[in-house]
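Working through the structure, step by step
This is what each chain is made of:
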Amino acid sequence: MSDYDDADAIDVYDDTAPRQNQLVKRSFEGVTALMNNSATQALTAKATADINARWMIAMHRPRELQDVRVALLHECRRPAFARAAIYAVPRGGGMIRGLSIRFAETAMTAMGNIGCEAQTLYDSEAERVVRVTVTDFESNSMWSRDLTISKTKLVRQEPKSGRSLGSRLNSYGEMNWIVPASDDDVTTKEASAISKASRTGILRMLPAWLKAEAQLECERVQNDSAAKDPDAERRKLFDAFAAMGAKPSWLADWLGHPMDQTTPAEIVDLQQLYRAIRDGGITLDEAMRAKRGGGDKPAATGAAAAVKQAGSRSRGPAKSEPTPPDAPAVDEQAEIARREREAAK
């Protein structure tokens with residue numbers, strides 16, 4: 001009991017249970033309960049008050065889904081929001097579309113009585129574990145996911161300073177090196193992972209019919225804007241992609257023809273592709289490869305090709321498995337079966 005003042009502690013060797021909100025110390029000297037623990041009591045009281053306040057507001061001010069529908073469709077009719085509400089990524093020769101993070105944030109505000117929190121559970125030099133929780137206080141439903149953010153990143157060029165932690169082949173068969181990530185890289189990776197998880201949780205709380213109607217309205221507004229003034233939409237695309245390091249020639253390569261020949265549907269595809277890249281769902285390089293290869297992986301080049309070639313030389317030519325010596329031939333098996341039938345007669 002040397003670490004604590006005798007006036008603040010009591011001995012509970014006689015199986016007396018510690019009081020509520022007490023910290024308990026177990027050591028060779030016995031079990032000691034601290035009486036004055038105001039910090040724990042304050043944190044517990046604050047958490048309880050926050051939870052009770054949210055549930056009480058949800059009970060006294062319930063949402064009306066038709067009001068939510070009107071407010072959400074009003075946002076979808078704005079061209080700027082419609083461009084940001086849907087993302088698209090090239091997969092398998094086509095485009096996979098979905099509702100973006102910006103749409104989920106707007107939908108959560110329109111729905112009301114929905115909470116989204118991110119809490120750090122573990123943090124070390126190698127990784128950070130964050131739990132994202134989305135709660136609907138009206139229906140008492142909750143969704144959560146634990147995210148593991150590694151504090152490393154992949155680079156294509158082998159670092160010269162010896163900071164490499166290893167190497168591996170990416171999904172395209174190219175050699176990448178693992179290096180420690182900076183604080184800014186970890187923060188960016190964590191924010192992107194939290195945003196994606198929050199989007200999944202919030203969209204789970206929305207009715208399916210409302211999501212479908214909102215997506216159709218956003219697509220209609222996008223198509224109308226692209227058809228009404230395609231030149232203005234092209235200029236907006238040029239500026240948006242240029243901010244990410246992609247010139248108008250990159251867009252022409254991605255489409256396979258000059259930008260002057262773009263159709264309204266292609267303009268919408270580029271707008272949704274920009275949203276996917278902006279939200280961190282895909283990179284410029286991955287989008288170009290997926291578009292050119294139709295989702296197939298290109299042949300390995302450089303270091304990856306050397307690794308595969310070395311592996312094939314070490315394995316040598318493929319050999320056919322020999323037939324076990326004890327296994328009888330097919331004709332011999334048939335003859336044995338015939339003799340057994342005659343013996344049975």
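Residues numbered from 1 in each chain as written. Predicted model: local features only at pLDDT ≥ 70, side-chain atom pairs only at ≥ 80, totals over all residues. Heavy atoms only, no water.

Let us look at the overall build of the chain. Across its full length, the chain holds 12 helices and 11 strands. Split into buried and exposed, the 345 residues of the chain put 33% on the buried side. Here the analysis covers contacts within the chain between residues at least 6 apart in sequence; of these, 58% occur between residues at least 24 apart. Here the chain has roughly 21800 Å² of accessible surface; of this, 51% comes from carbon and sulfur atoms. (Helix = DSSP H or I, 4+ residues; strand = E, 2+ residues; numbered from the N terminus. Buried < 20%, exposed > 50% of the residue type's maximum accessible area, 1.4 Å probe, protein only. Contact = heavy atoms within 4.5 Å. Areas by Shrake-Rupley, 256 points an atom, 1.4 Å probe, with all protein chains shown as cover.)

Turning our attention to helix H8 (residues 248–255). Listed as buried for H8 are Trp250, Leu251, Ala252, Trp254 and Leu255. Phi turns positive, to about 90°, at Gly256, one or two residues after H8.

Moving on: the pattern of salt bridges. Taken as a whole and assessed by the stated rule, the structure comprises 22 salt bridges. Where Asp136 meets Arg63, a salt bridge forms, and the shortest distance between an N and an O atom there is 3.0 Å. One end of the pair, Asp136, is in strand E7 (residues 127–136); the other, Arg63, is in the loop between helix H1 (38–60) and helix H2 (65–76), with 73 residues separating them in the sequence. Here Asp136 matches Arg63 in class, with each residue buried. Between Glu233 and Arg83 there is a salt bridge, with its nearest N and O atoms 3.7 Å apart. Here Glu233 is found in helix H7 (residues 230–243), whereas its partner Arg83 is found in helix H3 (residues 79–85), with 150 residues between them in sequence. What makes Glu233 buried here is its relative accessible area of 5%. Overlapping salt bridges bring together Arg77, Glu217, Arg220 and Asp224 as one network. (Salt bridge = Lys/Arg side-chain N within 4 Å of Asp/Glu carboxyl O.)

So, on to the sheet that holds E7. Read from one edge of the open sheet, three strands run E6-E7-E8, paired in antiparallel fashion. Of all the strands in the sheet, just strand E6 (114–123) and strand E8 (141–150) have a single pairing partner and so form its edges. Going across the sheet, the axis of each strand differs from the next one's by a mean of 20°, ignoring polarity. The sheet contact formed by E7 and E8 spans 10 bridges and is antiparallel. Looking at the pairing, Val132 lines up with Arg145 of E8. (Pairing = 2+ DSSP bridges. Axes fitted to C-alpha atoms, helices over the stretch in contact; angles between N-to-C directions.)

This part takes up the environment of Ile114. Tracing the backbone through its elements, the reader meets Ile114 in strand E6. Taking C-alpha positions, Ile114 is 8.2 Å from Ile202, a pair spaced 88 residues apart along the chain.

In space, the three strands of this open sheet follow the order E9-E11-E10, with antiparallel pairing throughout. One side of each edge strand has no neighbouring strand; the edge strands of this open sheet are strand E9 (152–155) and strand E10 (166–169). Across the sheet, the mean angle from the axis of one strand to that of its neighbour is 35°, orientation sign disregarded. Both E9 and strand E11 (residues 175–180) contribute to a ladder of four bridges, which runs antiparallel. When the sheet's bridge partners are listed, Lys153 is paired in E11 with Val179.

Another point: the side chain of Arg275. Topologically, Arg275 is positioned in helix H9 (residues 264–278). Under the relative-accessibility criterion, Arg275 is labelled buried at 10%. Discounting chain neighbours no more than four positions away, the residues touching Arg275 are Arg83, Ala84, Ile86, Tyr87, Ser100 and Arg102.

To continue, consider the packing of aromatic side chains. Following the criterion strictly, the structure yields four aromatic pairs and no others. Here Trp55 and Phe137 contribute two aromatic rings whose centre-to-centre distance is 5.0 Å and whose plane-to-plane angle is 85°, an arrangement assigned as edge-to-face. A residue pair is termed long-range when its members are at least 10 positions apart, and Trp55 in helix H1 and Phe137 in the loop between E7 and E8 qualify at 82 residues. A network of ring pairs unites the aromatic residues Phe241, Trp250 and Tyr274 as a single cluster. Note that Lys291 overlies the ring of Trp254, its terminal NZ or CZ placed 4.5 Å from the centroid. (Phe/Tyr/Trp six-rings, centres within 6.5 Å; stacked < 30°, edge-to-face > 60°. Lys NZ or Arg CZ within 6 Å of the ring centre and 35° of its normal.)

Phe103 and Cys218 are the most contacted members of the largest nonpolar core, which has 31 residues in total. Contributions of two or more residues to this core are made by H2, H3, helix H4 (101–111), E7, E8, helix H5 (183–205) and helix H6 (208–228). By residue number, the principal contributor to this core is H5, which donates six residues. Those residues in contact with Cys218 that sit more than four places away from it in its chain are Cys76, Phe81, Ala82, Ala85 and Ile86. In terms of nonpolar packing, the next biggest core, distinct from the first, is built from 24 residues, Val89, Met259, Val268 and Leu284 among them. (Core = buried A, V, L, I, M, F, W, Y, C linked by side-chain atoms within 4.5 Å.)

Now for H2. For H2, with 12 residues, the first-to-last C-alpha span of 16 Å sits near the 16 Å given by 1.5 Å per residue. For H2, the set of buried residues is Val68, Leu72, Leu73 and Cys76. Along the axis of H2, the buried residues cluster in a sector spanning 120°; they form a single face. For H2, exposure combined with an orientation more than 90 degrees from the buried face picks out Asp67, Val70 and His74. In this fold, the buried residues of H2 make contact with H3, H4 and H6. (Expected span 1.5 Å × (residues − 1). Arc of directions from axis to C-beta.)

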